[in-house]
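Each chain, letter by letter, is given below.
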Amino acid sequence: MLLIDGKKVAADLRQRVKNDVDALVRQHGRAPHLAVILVGEDPASQVYVRYKEKACEEVGIVSRIWRLDGGITQCALEKLLTELSHSDDIDGILLQLPLPRGLDASRCLALVDPKKDVDGFHPENVGRLSIGLPCLKPCTPYGVIKLLEYYGLSPAGKRAVVVGRSNIVGKPMAMLLAAASPFGNATVTICHSRTPDLAAVCREADFIVPAIGKPRLITRDMVKPGAVIVDVGMNRLADGKLCGDVDYEALTDVVSAMTPVPGGVGPMTIATLMSNTIEAYRWRREAPACPVA
Ligand code: GUN
């Protein structure tokens, strides 16, 4: 089995981003600026934001973190997002999800300037992705494509099954795998909690991307020999250990390639956020009339 080493590929990508940042500083006299907004006390979100801050520091992107009280009003949060969208000083905006109860994420995301939308969650970028126009793409699924690319694991002409239909991972993942682009062109099925016979659908798959948040959901009997698995699941077990959506140990002699958890997709999400920030910076500075504008 080929171990898909997200830690290594992400480190590689961060190094390339660092070189790009250095070149942009020489060319334009200033590093890209990323605004990160964290609302409330969600422990997982606090950890993710710390990782993002650390990655920015490593590659030379200037991060500004807003740590806001969970009791902030919708109106105040919208005001901040509008200001950041209009600020010439900010190149990328990331609103960490989920928001505390009572705040409407959709309304907030729609206020982010699509050219600064490093998460690819604005309806304009979602629409562009779905019709094959240039856009900023969601970091986790785009990171999965970058992993496949690195190892030359092309899904073209193959059957891919995405388990999960979230706006953050499942839906954009399916779009990217089906896209008429390098490391796309797969025949894609989206499964979810209401899929009657998940095992039968998965057994048909050459590529499986579980992203549903159920520890060890994908078992040995559900996987075709030689399949490729990229596990997006990240679950905390009772003993404190992390595990993915795949029964990893039981599958190492069945699959042809698989990501570990941790050390698979997670580091790629953060590294892709770094490269998306560079892309947003370039689009605004070098090609303001580009289709993303
Ligand atoms: N929460 C879980 N994943 C993500 C992500 O990729 N971006 C944001 N903004 N929030 C998240």
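Note that the structure is a prediction, hence the values are computed from the model and not measured.

Conventions used here
- Residue positions are given per chain, counted from 1 along the sequence in the order it is written.
- Given that this is a predicted model, residues contribute local features only at a pLDDT of at least 70 and side-chain atom pairs are listed and counted only at 80 or more, while totals for whole chains, interfaces and linings are drawn from all residues.
- Here the side-chain values reflect all heavy atoms present in the structure, with hydrogen atoms and water set aside.
- Only Phe, Tyr and Trp rings take part, Trp by its six-membered ring, and two of them pair if their centres are within 6.5 Å. Stacked means planes under 30 degrees apart, edge-to-face means over 60, and tilted covers everything else.
- Exposed residues in this analysis have more than 50% of their type's maximum accessible area, buried residues have under 20%, and partly exposed residues fall in between, with area computed by a 1.4 Å probe over protein chains only.
- As a reminder, the over-ring test applies to NZ of lysine and CZ of arginine, requiring each to be within 6 Å of the ring centre and within 35 degrees of the ring normal.
- Any residue with a non-hydrogen atom lying within 4 Å of a molecule or strand is treated as near it.
- We call two N or O atoms a polar contact when they sit within 3.5 Å, provided that within protein one can donate a hydrogen and the other can accept it, with sequence-adjacent residues counted only if both atoms are side-chain atoms.
- All accessibility values rest on the Shrake-Rupley procedure with a 1.4 Å probe; residue burial counts only the protein chains present in the view.
- A cavity here means a set of 1 Å grid points, computed over protein atoms only, where a 1.4 Å probe fits but cannot escape. A pocket is an open set with protein on both sides within 12 Å along at least 5 of 7 lines, and lining residues have an atom within 4 Å of a point.
- Assignment of a molecule to a cavity or pocket requires that more than half of its atoms lie within 2 Å of the corresponding grid points.
- Polar here means any residue other than Ala, Val, Leu, Ile, Met, Phe, Trp, Tyr, Cys and Pro, which are nonpolar, and Asp, Glu, Lys and Arg, which are charged; Gly is therefore polar.
- The angle between two axes is taken between their N-to-C directions and runs from 0 to 180 degrees, where each axis is a line fitted to C-alpha atoms and a helix contributes only its stretch in contact.
- The numbering of helices and of strands both runs from the N terminus, where a helix is a DSSP run of H or I of at least 4 residues and a strand a run of E of at least 2.
- Here the word oblique covers every angle except those under 35 degrees (roughly parallel), over 145 (roughly antiparallel) and from 65 to 115 (roughly perpendicular).
- The hand of a helix crossing depends on one turn: near helix anticlockwise from the far one by less than a right angle means left-handed, and clockwise means right-handed.
- By the convention used here, residues are in contact when the closest approach between their heavy atoms is within 4.5 Å.
- Think of it this way: DSSP has to see at least two bridges between two strands before they count as a pair.
- Put simply, a nonpolar core is a bunch of buried Ala, Val, Leu, Ile, Met, Phe, Trp, Tyr and Cys residues held in one set by side-chain atoms that sit within 4.5 Å of each other.
- Here, expected helix span is obtained from the residue count minus one, scaled by 1.5 Å.
- Basic side-chain nitrogens of Lys or Arg form a salt bridge, by our definition, when they fall within 4 Å of a carboxyl oxygen of Asp or Glu.

## A look at the packing of aromatic side chains
Per the stated rule, a full pass over the model turns up one aromatic pair. Relative to Tyr151, the ring of Tyr150 has its centre 5.0 Å away and its plane inclined at 65°; by these criteria the two rings are edge-to-face. For Tyr150, a relative accessible area of 35% translates into the label partly exposed. The cationic tip of Lys137 hangs over the ring face of Tyr142; the distance from NZ or CZ to the ring centre is 5.0 Å. Over the ring of Tyr281 we find Arg285; its NZ or CZ atom is 4.7 Å from the centre of that ring.

## Observations regarding the site of the ligand
Within the structure, the ligand sits among Leu94, Leu95, Gln96, Leu97, Asp119, Phe121 and Ile168. Between the ligand and Leu95, the relevant distance is 2.8 Å, taken from a nitrogen atom to a main-chain nitrogen or oxygen of the residue. Within the contact set of the ligand, a nitrogen atom lies 2.9 Å away from a backbone nitrogen or oxygen of Leu97. Relative to its unbound accessible area of 280 Å², the ligand is 84% covered by the protein chains. Judged by its atoms lying within 2 Å of the grid points, the ligand is housed in the largest pocket. Here the residues of the shell around the ligand are counted per class, giving five nonpolar, one polar and one charged.

## Notes on the packing of helix 2 (residues 43-59) against helix 10 (residues 265-286)
Close contact between helix 2 and helix 10 brings their axes to 10 Å; oriented N to C, the two are set at 50°. Considered as vectors, helix 2 and helix 10 are oriented oblique to each other. For the element pair helix 2 and helix 10, the recorded crossing hand is right-handed. Packed against helix 2, whose contacting residues are Tyr48, Tyr51, Lys52, Ala55, Cys56 and Val59, the element helix 10 presents Ile270, Leu273 and Met274 at the interface. Grouping the amino acids of the contact of helix 2 with helix 10 by side-chain chemistry returns eight nonpolar, no polar and one charged.

## Some remarks on the sheet that holds strand 3 (residues 62-68)
Strand order across the open sheet formed by three strands is 3-2-4, with parallel pairing between neighbours. Single-partner strands in this sheet number two, and they are strand 3 and strand 4 (92-95). When the angles between neighbouring strand axes are averaged without regard to direction, this sheet yields 15°. Two elements, strand 2 (residues 33-39) and strand 3, share seven bridges in a ladder whose sense is parallel. Pairing of His33 across the sheet is with Val62, part of strand 3. In the packing of helix 3 (residues 74-86) onto the sheet, the strands contacted are strand 2, strand 3 and strand 4, and the crossing angle to strand 2 comes to about 175°.

## A look at the nonpolar core
Counting residues in hydrophobic clusters, the biggest one holds 54 residues, and the most contacted among them are Val17, Ile61, Leu148, Leu177, Val228, Val230 and Met274. For this core, the secondary-structure elements that each account for two or more residues are helix 1 (6-28), strand 2, helix 2, helix 6 (139-150), strand 5 (159-163), helix 7 (170-178), strand 7 (207-210) and helix 10. If you tally residues by element for this core, the top one is helix 10, at 10 residues. Ignoring sequence-local partners within four residues, the contact set of Ile61 consists of Val17, Val21, Pro32, Leu34, Cys56, Met274 and Thr277. Counting 20 residues, the second largest nonpolar core, distinct from the first, contains Leu77, Leu97, Val112 and Phe121.

## Notes on the packing of helix 1 against helix 10
A pair of packed helices can be characterised by two numbers: the angle between their axes and the separation between those axes. As a packed pair, helix 1 and helix 10 sit with axes 8 Å apart at the nearest point and diverge in direction by 20°. With respect to each other, helix 1 and helix 10 are oriented roughly parallel. Like other packed secondary-structure pairs, helix 1 and helix 10 cross with a definite hand, here left-handed. Together, Gly6, Lys7, Val9, Ala10, Leu13, Arg14, Val17, Asp20, Val21, Leu24, Gln27 and His28 of helix 1 and Pro267, Met268, Ala271, Thr272, Met274, Ser275, Ile278, Tyr281, Arg282, Arg285 and Glu286 of helix 10 make up the contact between the two elements.

## Considerations on helix 6
For helix 6, spanning 12 residues, the distance from its first C-alpha to its last is 16 Å, which sits close to the expected 16 Å at 1.5 Å a residue. Here helix 6 lies mainly inside the structure; 10 of its 12 residues are buried. Turning to helix 6, its buried residues are Cys139, Thr140, Pro141, Tyr142, Gly143, Val144, Ile145, Lys146, Leu147 and Leu148. The inward-facing, buried residues of helix 6 contact helix 1, helix 7, strand 7, strand 8 (228-229) and helix 10. In the segment just after helix 6, Gly152 is the residue with positive phi, at about 65°.

## Examining the pattern of salt bridges
Within this structure, the stated rule accounts for 14 salt bridges. For Lys79, the salt bridge goes to Glu83, with nearest N and O atoms at 3.3 Å. Of this pair, Lys79 and Glu83 both sit in helix 3, four residues apart, which is roughly one turn of that helix. Its salt-bridge partner being Glu124, residue Arg128 comes within 3.7 Å of it at the nearest N-O pair. Of this pair, Arg128 and Glu124 are both found in helix 5 (residues 123-130), four residues apart, which corresponds to roughly one turn of the helix. A relative accessible area of 13% places Arg128 in the buried class. Judged by relative accessible area, Glu124 falls into the partly exposed class, the value being 32%. Through salt bridges with shared partners, a single network forms among Arg30, Asp88, Asp91, Arg284 and Arg285.

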